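# Summary of structural features
Each chain, written out:
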Amino acid sequence: MIRVSRSHTLGPDGARALVEDMAQRLAKEFDMKYGWKGQRLEFKRIGVKGNIDVTDSEIRVEVKLNPLVPVSDVWLKREIERQMDEALLQQRAASAPPPPEPEPAPPPKPDPLAPFVVPFARLANEALSASSGMMKFAENAIRPGAQTLIQTGKAVTQLRESAGLTVPQLAARLGIDTAQLEAIEAGTAKLAADVLIRLSDLGRFGSDEEER
């Protein structure tokens, strides 16, 4: 007697449909006849007979071989196990829910300098030509970007030199270190909004230096 059982989560109707499909394939492959009696499927062919019981959580197969049939019990058991495992795997894949929709990408973070739209290079030219010698940075700012960073760096350098300040002196007035100011003037670092506000007082710095 060969016995094979497999648990399932298909429910009675789903398990019965799976066993019916498996029985149809075996009937074609091995010329087997079968029929249902309640939740039991009985099958037979020359030298082989058996049944498949379907419960709410399990499928059980029993097969009896005629001793005169030249079929290995081990081979037949492995074949039944293979058929059942393949059928269960296909049924689970077919009944699996579709994968969830990917979540939409979060919106980009707002740029704190976005409201300030006047190009920095233009502001620097205005500052150099103004009667006070400087500009009102509190009313304007820069847009980030590789080209704008280079223009910003050049403009900061022009403003610093017009005010007669060295890099360490201007860095101290802005509350940043010398390396950060050098990076800004080289066009490799952005000018932060708080530094921009302090830089707007550069005109007064220059005036103070001249009075002294």
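As shown above, the structure is provided for reference.
Throughout what follows, the structure given in this document is the object of discussion. Fair warning: this is a prediction, and the values are worked out from it, not measured in the lab. (Residues numbered from 1 in each chain as written. Predicted model: local features only at pLDDT ≥ 70, side-chain atom pairs only at ≥ 80, totals over all residues. Heavy atoms only, no water.)

Bringing the sheet that holds strand E5 (residues 58-65) into the picture now. Judged by pairing direction, the sheet is antiparallel, and its 5 strands sit side by side in the order E1-E5-E4-E3-E2 without closing on themselves. What marks the edges here is a single partner per strand, and that holds for strand E1 (2-7) and strand E2 (33-37). Sheet twist, expressed as the mean angle between neighbouring strand axes with direction ignored, is 15 degrees. Sheet topology places strand E3 (residues 40-45) next to strand E4 (residues 48-54); 6 bridges connect them, and they run antiparallel. When the sheet's bridge partners are listed, arginine 45 is paired in E4 with valine 48. Each of E2, E3, E4 and E5 is contacted by helix H1 (residues 11-30), which is oriented at about 160 degrees to E2, the strand it contacts most. (Pairing = 2+ DSSP bridges. Helix = DSSP H or I, 4+ residues; strand = E, 2+ residues; numbered from the N terminus. Axes fitted to C-alpha atoms, helices over the stretch in contact; angles between N-to-C directions. Contact = heavy atoms within 4.5 Å.)

Once that is clear, we can look at the side chain of glutamate 79. By the element assignment, glutamate 79 lies in helix H2 (residues 73-95). Relative accessible area serves as the criterion here: at 13%, glutamate 79 is assigned to the buried category. (Buried < 20%, exposed > 50% of the residue type's maximum accessible area, 1.4 Å probe, protein only.)

Moving on, we come to the packing of helix H5 (residues 167-174) against helix H6 (residues 178-186). It is at 9 Å that the axes of H5 and H6 come closest, and there the two elements cross at 105 degrees. One element, H5, and the other, H6, form an angle in the roughly perpendicular class. Between H5 and H6, the contacting residues are Val167, Pro168, Leu170, Ala171 and Leu174 on the first element and Thr178, Leu181, Glu182 and Glu185 on the second. Along the lines of polarity and charge, the residues of the contact of H5 with H6 split into 6 nonpolar, 1 polar and 2 charged. (Parallel < 35°, antiparallel > 145°, perpendicular 65-115°, else oblique. Nonpolar A, V, L, I, M, F, W, Y, C, P; charged D, E, K, R; others polar.)

A few words now on the pairing of E2. In this sheet, E3 lies alongside E2 in antiparallel orientation, the contact comprising 5 bridges. Counterpart to lysine 33 in the pairing with E3 is lysine 44. Between E2 and E3, which pair antiparallel one after the other, the connecting turn spans 2 residues, and glycine 38 there sits at a positive phi close to 70 degrees.

Here we come to the side chain of glutamine 83. Considering the arrangement of structural elements, one finds glutamine 83 in helix H2. You can call glutamine 83 buried: its relative accessible area is 5%. Within the local environment of glutamine 83, its side chain forms a polar contact with the side chain of arginine 25, the two groups lying 2.8 Å apart. If we ignore the near neighbours within four places in the chain, the residues touching glutamine 83 are Met22, Arg25, Leu26 and Glu29. (Polar contact = N/O pair within 3.5 Å; in protein donor to acceptor, adjacent residues only side chain to side chain.)

What follows covers the nonpolar core. Counting 23 residues, the largest nonpolar core has Ile52, Ile59, Val61, Val63, Ile80 and Met84 as its most contacted members. If you list the elements that add at least two residues to this core, you get E1, H1, E3, E4, E5 and H2. Ranked by residues supplied to this core, first place goes to H1 with 6 residues. Aside from chain neighbours lying at most four places away, what touches valine 63 is Met1, Ile2, Phe43, Val48, Lys49, Gly50, Leu76 and Ile80. (Core = buried A, V, L, I, M, F, W, Y, C linked by side-chain atoms within 4.5 Å.)

Each pair of aromatic rings is reported with the distance of its centres and the angle of its planes. One pass over the full model with this rule turns up 0 aromatic pairs. Above the face of the tryptophan 36 ring, arginine 16 is positioned so that its terminal group lies 3.9 Å from the ring centre. (Phe/Tyr/Trp six-rings, centres within 6.5 Å; stacked < 30°, edge-to-face > 60°. Lys NZ or Arg CZ within 6 Å of the ring centre and 35° of its normal.)

For the rest of this paragraph, the subject is H5. Those residues of H5 lying buried are Val167, Leu170, Ala171 and Leu174. For H5, the angular spread of the buried residues around the axis is 100 degrees, confining them to a single face. Note on H5: the residue one or two positions beyond its end, glycine 175, has a positive phi of about 75 degrees. (Arc of directions from axis to C-beta.)

Turning to H6, its buried residues are Leu181, Ile184 and Glu185. The buried residues of H6 occupy an angular sector of 95 degrees when the element is viewed end-on, so they sit on one face. Turned more than 90 degrees away from the buried face of H6, the exposed residues are Ala179 and Ala186. A positive phi of about 80 degrees marks glycine 187, the residue just after H6.

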